[in-house]
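# A structural walkthrough
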Amino acid sequence: MTSAVVVGSGPNGLAAALTLAAEGVSVRVVEAADTLGGGTRSSELTLPGLLHDECSGFHPLLLGSAFAERFDLTGAGLTYRWADAEFAHPLDGGRGATLWRSVEETAAALGRDGTAWRRVFGPLTERFDAIGEEFLQPMLHVPRHPVSLARFGARAAMPVSALGRAWRTPQARALFGGAAAHALRPFGGVLSSAIGVALTTAAHAYGWPVAEGGSAAIRDAVLARAAEHGVTFETGREVTTIDELGPVDLVMLDTSPRAALRIAGRRMPRHVRAAYRRFRHGPGAFKVDFAVAEGVPWTHEQSRHAGTVHLGGGFEEMAATERQVNAGRMPERPFVLVGQQYLADEARSANGVHPLYTYAHVPAGYTGDATEAIVRQIERFAPGFRDRVQDTHVRSATGMAVHNPNYVGGDILTGANDPAQLVFRPRAGLDPYATGAPGVYLCSAATPPGAGAHGMCGYNAARSALRALR
Ligand SMILES: Cc1cc2nc3c(=O)[nH]c(=O)nc-3n(C[C@H](O)[C@H](O)[C@H](O)COP(=O)(O)OP(=O)(O)OC[C@H]3O[C@@H](n4cnc5c(N)ncnc54)[C@H](O)[C@@H]3O)c2cc1C
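Cut-offs used in this document
Residues numbered from 1 in each chain as written. Predicted model: local features only at pLDDT ≥ 70, side-chain atom pairs only at ≥ 80, totals over all residues. Heavy atoms only, no water. Core = buried A, V, L, I, M, F, W, Y, C linked by side-chain atoms within 4.5 Å. Buried < 20%, exposed > 50% of the residue type's maximum accessible area, 1.4 Å probe, protein only. Contact = heavy atoms within 4.5 Å. Salt bridge = Lys/Arg side-chain N within 4 Å of Asp/Glu carboxyl O. Helix = DSSP H or I, 4+ residues; strand = E, 2+ residues; numbered from the N terminus. Near = heavy atom within 4 Å. Polar contact = N/O pair within 3.5 Å; in protein donor to acceptor, adjacent residues only side chain to side chain. Areas by Shrake-Rupley, 256 points an atom, 1.4 Å probe, with all protein chains shown as cover. Nonpolar A, V, L, I, M, F, W, Y, C, P; charged D, E, K, R; others polar. Pairing = 2+ DSSP bridges. Axes fitted to C-alpha atoms, helices over the stretch in contact; angles between N-to-C directions. Phe/Tyr/Trp six-rings, centres within 6.5 Å; stacked < 30°, edge-to-face > 60°. Lys NZ or Arg CZ within 6 Å of the ring centre and 35° of its normal. Domains from an automatic or database assignment. Buried area = accessible area lost by both parts, 1.4 Å probe. Left-handed = near helix turned anticlockwise from the far one by under 90°. Patch = residues over 30% accessible without salt bridge, like charges linked within 9 Å, V, L, I, M, F, W, Y side chains within 5 Å.

### Thoughts on the nonpolar core
Counting residues in hydrophobic clusters, the biggest one holds 74 residues, and the most contacted among them are Phe67, Leu73, Leu78, Trp117, Trp167 and Phe176. The residues touching Phe67, leaving out its near neighbours within four places in the chain, are Ala15, Leu18, Thr19, Leu73, Val222, His454, Gly455, Met456 and Tyr459.

As structure tokens, then:
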């Protein structure tokens, strides 16, 4: 019987383990942390009874993915839930914009920019199943839906600053800019629109759902399926070298390329080692979870109904702050993502106090404290917020890397989304998962299709390993 060890139990490690085990491979997962799940863990970070997502909060790319479908994760207990609005972007003076599930409704609220919104996102939304199938694989493949992919590619290739000119009003520009900021890239670069276009289209097609009971419910659904196939687990053990794993046929590394080098570098060809050394990490995230009595008093009314709220002021202000963090400078008013998962999943709150999830974009390896900058950004759009805070839990950019070694310097995307790494991640080559060491594969978010708790990197990597075995 073929045997495999998966190092790391993030969503990609677990997806790789399940995909291999379902094909009859005997799989053991070894995890450094005391709990399984990597970026899909949830816990009471503040007050008792308040459930916070420790990392990933919203799952537009899991729903409908080949991995979730093949293993019927909803049948294994995963339930998606949605807030009334997918995301909102408050501006100064109580103005703002809201992304509703419906393209029509969103466009109608954007006034004279509605037509352009419809033109950009309408056709992509209609074809999102086909587009998603294409971009959730390595870039080098024969497309099954070339026309849809070309239409998506035409938008994705544009710099955010260029695509942003499709809209004139501060509201529409900010709405797109906030989604585009998820790439953690300067707005002027080629391909910098790719992630914003994908996430905005996904929001229209599937919404930005949360997992009922916290993102850990994703982990639990995969674990339930893994148990059916006899996968075994060991926690609290950091793998430092491949030799300690004993004789196995396959090793799947749910790690950063840097850690993969430490673990198996001696078995890799020189050109792969050199490529992994060159792998670039992006800016960091500084996360603060709050316990907030009665929720956030947003001045922009619709932000009170949105699962996600993007704070960063207008388009130009966000362009400036994203440029700054990429240049290693901490902005005075950073981009802040606010998650109000409890609006979709009420059981995460207790006694009228709600768990609020926030993180700011900060420079890589930022050692300062961004807590006050986050509170001030929220106060800017929700005066009185500070007085409602009952408790706070802080995870700094450097703390993020301690919590999970894949987030090097606080890089929650496990690799910069620069043009080269968007196309060829983690290195140029026909099989991005192969490390060149026999039987050793990289399966983390450092591989295609990149960051997100969708499991598709692990699923694709396992399929690549199975193909090589055959
Ligand atoms: C604050 C934050 C917010 C996010 N928001 C979202 C979101 O809303 N939606 C979304 O889709 N994604 C989001 N993400 C990103 C998402 O969580 C990650 O892209 C995803 O978890 C990557 O999965 P992975 O399996 O590649 O690695 P990870 O989830 O990072 O897991 C890697 C695991 O491997 C273990 N490990 C590493 N090295 C070793 C070793 N040597 N030995 C043993 N174990 C090891 C680690 O301890 C960890 O458990 C967010 C991330 C963060 C941090």
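More follows now that the structure is in view.
### Re the pattern of salt bridges
As enumerated under the stated definition, the model contains 25 salt bridges in all. When the shortest N-O distance is used, the salt bridge between Asp72 and Arg225 registers 3.7 Å. With Asp72 in the loop between helix 2 (66–70) and strand 5 (80–81) and Arg225 in helix 10 (residues 216–228), the pair connects residues that are 153 residues apart, well separated along the chain. Of the charged contacts, one joins Arg266 and Asp243 as a salt bridge, the two residues approaching to 3.0 Å between their closest N and O atoms. Taken together, the residues Arg266 in the loop between helix 11 (257–264) and helix 12 (270–278) and Asp243 in the loop between strand 9 (232–234) and strand 10 (250–253) connect sequence positions 23 residues apart. For Arg266, a relative accessible area of 69% translates into the label exposed. Classification of Asp243 by relative accessible area gives partly exposed; the value is 44%. When salt bridges that share partners are traced, they join Arg28, Glu234, Arg237 and Glu244 into one network.

### A closer look at the site of the ligand
Inspection of the region around the ligand gives 35 residues, with Glu31, Gly39, Phe58, Asn404 and Ala453 positioned closest. Ala32 places a polar main-chain atom, nitrogen or oxygen, 3.0 Å from a nitrogen atom of the ligand. Contact between the ligand and Val239: a nitrogen atom at 3.0 Å from a main-chain N or O atom of the residue. Starting from 1000 Å² of accessible surface for the ligand in isolation, the protein chains cover 94%. The set of elements that each furnish at least two residues to the shell around the ligand consists of helix 1 (11–22) and strand 14 (353–362). When residues of the shell around the ligand are assigned to their parent elements, the largest contribution, 3 residues, is made by helix 1. Here the residues of the shell around the ligand sort into 16 nonpolar, 14 polar and 5 charged.

### Quick look at the sheet that holds strand 2 (residues 26–30)
Across the sheet, which stays open at both edges, the 5 strands sit in the order 9-2-1-10-16 with parallel pairing between neighbours. A single partner strand is all that each edge strand has here, and the edge strands are strand 9 and strand 16 (440–442). Averaged over all pairs of adjacent strands, the angle between their axes in this sheet comes to 20°, without regard to strand direction. Judged from the 5 bridges that link them, strand 1 (residues 3–7) and strand 2 form a sheet pairing that is parallel. Within strand 2, the residue paired with Val7 across the bridge is Val30. The sheet contacts of helix 1 involve strand 1, strand 2, strand 9 and strand 10, and relative to strand 2 the element is tilted by about 165°.

### Considerations on the pairing of strand 14
Sheet faces and side chains relate simply in a regular strand, where the side chains alternate between the two faces. Of all 10 residues making up strand 14, 10 are buried, and the element is well covered by its neighbours. Covered by surrounding structure in strand 14 are Val353, Pro355, Tyr357, Tyr359 and His361 together with His354, Leu356, Thr358, Ala360 and Val362, the residues of both alternating faces. Pairing geometry for strand 11 (residues 284–293) and strand 14, over 10 bridges, is antiparallel. Across the sheet, residue Phe286 finds its bridge partner in strand 14, namely Ala360. Pairing of strand 13 (residues 336–339) with strand 14 involves 4 bridges; the strand directions are antiparallel.

### Notes on the packing of aromatic side chains
Within the structure shown, the criterion is met by 14 aromatic pairs. Geometrically, the ring pair formed by Phe290 and Phe385 is edge-to-face, given 5.3 Å between the ring centres and 85° between the ring planes. Of the two residues, Phe290 is situated in strand 11 and Phe385 in helix 15 (residues 385–388); the sequence distance between them amounts to 95 residues. Both residues of the pair, Phe290 and Phe385, count as buried. Seen from the ring of Phe315, Arg173 lies directly overhead, with NZ or CZ sitting 4.3 Å from the centre.

### Quick look at the domain arrangement of the protein
According to the domain assignment, the protein contains domain 1 (3–32 + 237–279 + 415–469), domain 2 (41–59 + 81–100 + 283–412) and domain 3 (102–206). One C-alpha centre belongs to domain 2, the other to domain 3, and the line joining them spans 23 Å. The interface of domain 2 with domain 3 comprises 24 residues on the first partner and 26 residues on the second. Ranking the residues of domain 2 by area buried against domain 3 places Leu99, Trp100 and Phe315 at the top, with a combined share of 31%. For the interface between domain 2 and domain 3, the tally reads 1 salt bridge.

### Structural notes on the packing of helix 11 against helix 12
At their nearest, the axes of helix 11 and helix 12 sit 8 Å apart, and the two run at 145° to each other. As for the relative orientation of helix 11 and helix 12, their crossing is left-handed in sense. Taking contact as the criterion, the partners of Pro257, Ala260 and Leu261 in helix 11 are, on helix 12, Arg273, Tyr276 and Arg277. Of the residues belonging to the contact of helix 11 with helix 12, the class tally is 4 nonpolar, no polar and 2 charged.

### Here's the deal with the sheet that holds strand 14
Read across the open sheet, the 7 strands follow the order 7-6-12-13-14-11-15; overall the sheet is mixed. Pairing within the sheet leaves two strands with one partner each, and these edge strands are strand 7 (96–99) and strand 15 (389–395). Between one strand axis and the next, the sheet turns by 20° as a mean value, whatever way the strands run.

### Comments concerning a nonpolar patch on the surface
On the surface, Leu140, Phe424 and Leu430 cluster together into a nonpolar patch covering about 340 Å² of accessible area. By secondary structure assignment, the location of Phe424 is in the loop between helix 17 (419–423) and strand 16.

### Structural notes on unusual backbone geometry
In this structure, the amide linkage connecting Arg425 to the following residue, Pro426, adopts the cis form with an omega of 10°. Looking at where Pro426 falls in the secondary structure, it is placed in the loop between helix 17 and strand 16. For the bond from Pro448 to Pro449, the omega torsion is 5°, close enough to zero to count as cis. By secondary structure assignment, the location of Pro449 is in the loop between strand 16 and helix 18 (456–469). Within the chain, Leu184 stands out as a residue other than glycine whose phi angle is a positive 55°. Classification of Leu184 by relative accessible area gives buried; the value is 4%. Phi is positive for Leu191, close to 65°, though the residue is something other than glycine. Relative to the assigned elements, Leu191 resides in the loop between helix 8 (170–180) and helix 9 (194–205).

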